[in-house]
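Listed below, chain by chain, are the residues.
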Amino acid sequence: MSQRRDALAFDLDGTLIDSAPDIAIAVNRLLADLGRPELDLPDIRRMIGDGAGTLVERALTAASVPHRAEELNGYLKRFLAHYEAEPVRLTRAYAGVPETLAVLRAAGYRCTVCTNKPQRATDMILEALGLASYFGAILGADAVQNRKPHPDHLAAALTAIGATSGEAVMIGDSANDVAPARALSMPSIVMAYGYGRAPLSELGADLILEDFAGLPDALDQLETAR
Ligand SMILES: O=C(O)COP(=O)(O)O
Ligand SMILES: [Mg+2]
């Protein structure tokens, strides 16, 4: 019988943490700088998951701010300055996350983070929420050359904890998490409460979970199905 998959790669936004409220504040501070009205939280939530640059571009488009490609980096820097100034004012771990990460650690799972959020904000948030120590590695979008959905990002997050894709499961909330897992022939689990834009049933994940606390049982279920 093959070894139990004991390495877990976690997405961050929409999977471990509900970060949309602080992201929305930073987006709206950027728009205020530009003299534009605010966007709504549900609209901004749908813009999350493809990295901060894409988020800013989507927000500028939604707010009808004309922008040329060469200006985007300046807008991104401005957004990140707002975001990093207060990344954990309203951001919280989803229900059951700290407790379940502790259960998984006690059960011998090795955990890593693979997120399209930039590294600095990611580290600040995981530290502030007391979650950083559960992970052997934390890889933000700018820690790699090719971010999710490119499989290199997921592969690097696994290598950083000494794991291979054959030993691992991806846990995320969007197509950007399922795609790299599939590319590496890894099973994936998506959290139904997350920010994924596509209908859950179309993602092609092995399991859809409503509740983070259900993860240990879901992982057992995946093992039994092998
Ligand atoms: O797009 C982002 O900034 C973060 O998204 P992720 O943590 O869901 O990868
Ligand atoms: Mg996500």
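- Going by what an unreviewed UniProt entry lists, the protein chain is known as Phosphoglycolate phosphatase and is assigned to Hypericibacter terrae.
- Taken verbatim from the UniProt record of the protein chain, the Pathway (unreviewed entry) comment is "Organic acid metabolism; glycolate biosynthesis; glycolate from 2-phosphoglycolate: step 1/1."

## Re the site of ligand 1
- Neighbouring residues of ligand 1: 13 residues in total, closest Leu12, Asp13, Thr115, Asn116 and Lys117.
- Partitioned by chemical class, the residues of the shell around ligand 1 number three nonpolar, five polar and five charged.
- For the shell around ligand 1, the domains that each give at least three residues are domain 1 (7–18 + 91–225) and domain 2 (20–85).

## Let's talk about the sheet that holds strand β1 (residues 7–10)
- Across the sheet, six strands lie side by side as β5-β4-β1-β6-β7-β8; this open sheet has parallel pairing. Whereas interior strands pair on both sides, the edge strands pair on one side only; in this sheet they are β5 (137–139) and β8 (207–209). With strand direction ignored, the average angle separating the axes of adjacent strands in the sheet is 20 degrees.
- Two elements, strand β4 (residues 110–114) and β5, share three bridges in a ladder whose sense is parallel. Considered in β5, the bridge of Thr112 is made with Ala137.
- Contacts between helix α8 (residues 175–183) and the sheet are confined to β6 (168–172) and β7 (188–191), with β7 contributing the most and set at about 175 degrees to the helix.

## Here we look at the UniProt feature "binding site: Mg(2+)" (unreviewed entry) in the protein chain
- In the UniProt entry, the feature "binding site: Mg(2+)" (unreviewed entry) is given for Asp11, Asp13 and Asp173. A maximum C-alpha distance of 8.1 Å among these annotated residues, which run over 163 residues, shows that they cluster at one spot.
- Within the secondary structure, Asp11 is located in the loop between β1 and β2 (17–18).
- The topology assignment puts Asp13 in the loop between β1 and β2.
- Under the C-beta neighbour-count criterion, Asp13 is labelled buried, with 25 such atoms within 10 Å.
- Asp13 has contacts with Ser19, Ile48, Gly49, Thr115, Lys117 and Tyr195, leaving out every residue within four places of it along the chain.

## Examining unusual backbone geometry
- Note that the residue after Lys148, namely Pro149, is joined by a cis bond; omega there is 10 degrees.
- Positioned with a positive phi, Ser64 is a non-glycine residue whose angle comes to about 55 degrees.
- Assignment of secondary structure puts Ser64 in the loop between α3 (52–62) and α4 (72–85).
- On the basis of neighbour count, Ser64 is assigned to the exposed category, with 8 C-beta atoms found within 10 Å.
- If you check the backbone angles, Ser185 has positive phi at about 55 degrees while not being a glycine.
- Looking at the element boundaries, Ser185 is found in the loop between α8 and β7.

Quick notes on the rules
Residues numbered from 1 in each chain as written. Chains lettered and ligands numbered in written order. Predicted model: local features only at pLDDT ≥ 70, side-chain atom pairs only at ≥ 80, totals over all residues. UniProt positions renumbered as here; feature names shortened; annotations may be inferred. Near = placed C-beta within 6 Å. Nonpolar A, V, L, I, M, F, W, Y, C, P; charged D, E, K, R; others polar. Domains from an automatic or database assignment. Pairing = 2+ DSSP bridges. Helix = DSSP H or I, 4+ residues; strand = E, 2+ residues; numbered from the N terminus. Axes fitted to C-alpha atoms, helices over the stretch in contact; angles between N-to-C directions. Contact = placed C-beta atoms within 7 Å. Buried ≥ 20, exposed ≤ 12 C-beta atoms within 10 Å, placed from the backbone.

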